[in-house]
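# Chains, contacts and geometry: an overview
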Amino acid sequence: MKNIFKLFAILFLSFLLACSEEPPTNINNESLSKKPVPPGPPAPLVLLENANQIVGCFGSLTVWTYGSGTYAKSWEKSGNYPLAAIGDVDSDGNDELVAVFVYETGNGRNKVTHTVIQIFENGDINPSRTSADFNEGGVNAFTYMRLGDANNAGAVEIMLTHMNFLSVHKDDGSATTILWKSEDLSAVDPFSIDAGDVDNDGQNEIIYAELGGQRFGVYEYLGNNNWGDKVYSETIPCGLDRAFVADVDEDGVNEVVGGGCASKLFVWEQINGNYVISFQSADLGGYTQGVAAGDFDDDGINEIAVGTAFTNDKVYVFKFNGTTYSIVFEESINGSVNDMFAGDSDNDGIDEIVIATDENLFVYDYNGTTYSQTYSSPGGFSHVVVK
Ligand SMILES: [Ca+2]
Ligand SMILES: [Ca+2]
Ligand SMILES: [Ca+2]
Ligand SMILES: [Ca+2]
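Residues numbered from 1 in each chain as written. Chains lettered and ligands numbered in written order. Predicted model: local features only at pLDDT ≥ 70, side-chain atom pairs only at ≥ 80, totals over all residues.

## Considerations on the overall build of the protein chain
A tally of helices and strands in the protein chain yields two helices and 27 strands. Among the 387 residues that make up the protein chain, the fraction classed as buried is 45%. Intrachain contacts of the protein chain at a sequence separation of at least 6 include 46% that bridge at least 24 residues. (Helix = DSSP H or I, 4+ residues; strand = E, 2+ residues; numbered from the N terminus. Buried ≥ 20, exposed ≤ 12 C-beta atoms within 10 Å, placed from the backbone. Contact = placed C-beta atoms within 7 Å.)

## A few points about the sheet that holds strand S16 (residues 255-260)
Strands sit in the order S15-S16-S17-S18 across an open sheet of four strands; the sheet is antiparallel. The sheet is open, and its two edges are formed by strand S15 (240-246) and strand S18 (274-280), each paired on a single side. Neighbour to neighbour, the strand axes of the sheet diverge by 30° on average, direction disregarded. The pairing of S15 with S16 spans six bridges and is classified as antiparallel. Directly across from Arg242, in S16, lies its bridge partner Gly259. (Pairing = 2+ DSSP bridges. Axes fitted to C-alpha atoms, helices over the stretch in contact; angles between N-to-C directions.)

## Quick notes on the sheet that holds strand S10 (residues 176-181)
Hydrogen bonds between backbone atoms are what pair the strands of a sheet, whose relative direction is either parallel or antiparallel. Read across the sheet, four strands follow the order S7-S8-S9-S10 without closing on themselves; strand pairing throughout is antiparallel. Pairing within the sheet leaves two strands with one partner each, and these edge strands are strand S7 (142-148) and S10. Ignoring strand direction, the axes of neighbouring strands in this sheet form an average angle of 25°. Note: strand S8 (residues 157-162) against strand S9 (residues 166-171), four bridges, orientation antiparallel. Looking at the pairing, Leu160 lines up with Ser167 of S9.

## Looking at the nonpolar core
Most often, soluble globular proteins have nonpolar side chains that are buried together. With 104 residues, the main nonpolar core has Ala84, Ala99, Ile206, Val256, Val257, Ile304 and Ile355 as its most contacted residues. Examining the composition of this core, we find that seven residues originate from one element, strand S1 (residues 54-67), more than from any other. Other than its neighbours up to four places away in sequence, Ile355 contacts Gly290, Gly307, Val315, Ile333, Val337, Met340, Phe362 and Tyr364. (Core = buried A, V, L, I, M, F, W, Y, C linked by C-beta atoms within 7 Å.)

## Things to note about the environment of Asn140
By the secondary structure assignment, Asn140 is in the loop between strand S6 (129-130) and S7. Here Asn140 falls in the exposed class, since 12 other C-beta atoms lie within 10 Å of it. Counting along the chain gives 22 residues from Asn140 to His162, while the straight-line C-alpha distance between them is 8.7 Å.

## So, the confidence of the model for the protein chain
Taken as a whole, the protein chain shows an average pLDDT of 91; of its residues, 89% reach a score of 70 or greater. Counting interchain partners and residues more than four positions distant, the pLDDT-below-50 stretch residues 9-31 has zero contacts. (pLDDT = per-residue confidence, 0-100.)

## A word on unusual backbone geometry
The backbone of Ser91 sits at a positive phi, close to 55°, despite the residue not being glycine. Its location among the elements puts Ser91 in the loop between strand S3 (83-87) and strand S4 (96-105). Its 14 C-beta neighbours within 10 Å are what place Ser91 among the partly exposed residues.

## Quick notes on the pairing of strand S19 (residues 287-294)
Most of S19 is tucked away: eight of the eight residues are buried. The pairing of S19 with strand S20 (residues 303-309) spans six bridges and is classified as antiparallel. Bridge pairing links Val291 to Val306 in S20.

## Examining the pairing of strand S13 (residues 215-223)
As paired strands, strand S12 (residues 205-210) and S13 are joined by five bridges and run antiparallel to one another. Within S13, the position partnered with Ala209 by the bridge is Phe216. Where S12 folds back onto S13 in an antiparallel hairpin, the turn is made up of four residues, including Gln214, whose phi is positive at roughly 60°. Note: S13 against strand S14 (residues 226-232), five bridges, orientation antiparallel.

## Brief notes about the environment of Phe216
Note that Phe216 resides in strand S13. Sequence separation between Phe216 and Gly258 is 42 residues, and the spatial gap between their C-alpha atoms is 9.1 Å. In contact with Phe216, other than residues within four places in its own chain, are Ile207, Tyr208, Ala209, Glu210, Ser233, Leu240, Ala243, Val256 and Gly258.

## Some details on the environment of Leu166
Mapped onto the elements, Leu166 comes out in strand S9. Looking at Leu166, the number of C-beta atoms within 10 Å reads 22, which means it is buried. Considering only alpha carbons, one finds Leu166 and Pro190, 24 residues apart in sequence, at a separation of 7.3 Å. Excluding anything up to four places from it in sequence, Leu166 contacts Leu160, Thr161, Ser182, Leu185, Pro190, Ile193, Ile206 and Tyr208.

Given below as structure tokens:
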């Protein structure tokens, strides 16, 4: 009996000792953090020439770079940056980081919101150049940005959606200017934008999602940096948050994939000039705010990743099986999915799924059998792009 008490006493004492080890560690951390640390010079942006990187926004701007088997935050810039992307926007053979920067001047009634595009070159701490202010309508007025060859000139333009219009901007290495602005679209709330050959005529069109209009619009390129002859898709219930161009059924012709508050994945096909719904998923339980098509499993065919928000935070992967699309992966995720991008973020030649939620940035990779989270970075993100 005595031995048992002794054993308990020893266990109890070692428990107390284990607990008592915590406070000194905390004290050490506190005293360390109170030491004055002189601020170092801000780190310059490193844009890799032959590798992709991830850029995400949620207020501040964050770049992640893959190396030595994992991802790391390689650059951060504070400020109100709602949208960003990486690409060779000035066609000099090297990538730039393009960011929408929003700031306010004045007070009270005299407060004015300014919106500019900033271009960061490799090695920059501050932007190499800043566009003229093109603000119209408040801090959160710009809803999406994509880079793409909108005018079929073989280079990359900057495409933006604003709650009231679409715009295309061009950077020539010395200045960033506006090429085109659509008519007033305030009645339909543009919410995402993409460039691609959506009607199989060998030329890229601009397509955009209408949150209020519950459909997407396709602007045909007319030459001389002008877009017109708009065609609309078949509508969906509720509203369309995202609409992107990709071939997802292995026939070499692009479809449009999208989602919104109907909580479904939608696929539209062009049939005789009309964009009709060729597939709609079952209710996925939450707003489908993340939609991205890429060849995640390296079989030469694009899959579709979908992320949901607000009521059922999940990531899904849909795959075309020759007849229709079926769910091949489904998993709960931490936070509402705000945005999603398909890109080769780890430079192994295969696309990953990169996801911005209001809690984290996540990377999902296919391992030959299934999909799994290979990286997560804390902090909410509203917009994410891989290049
Ligand atoms: Ca460049
Ligand atoms: Ca197709
Ligand atoms: Ca595939
Ligand atoms: Ca990859």
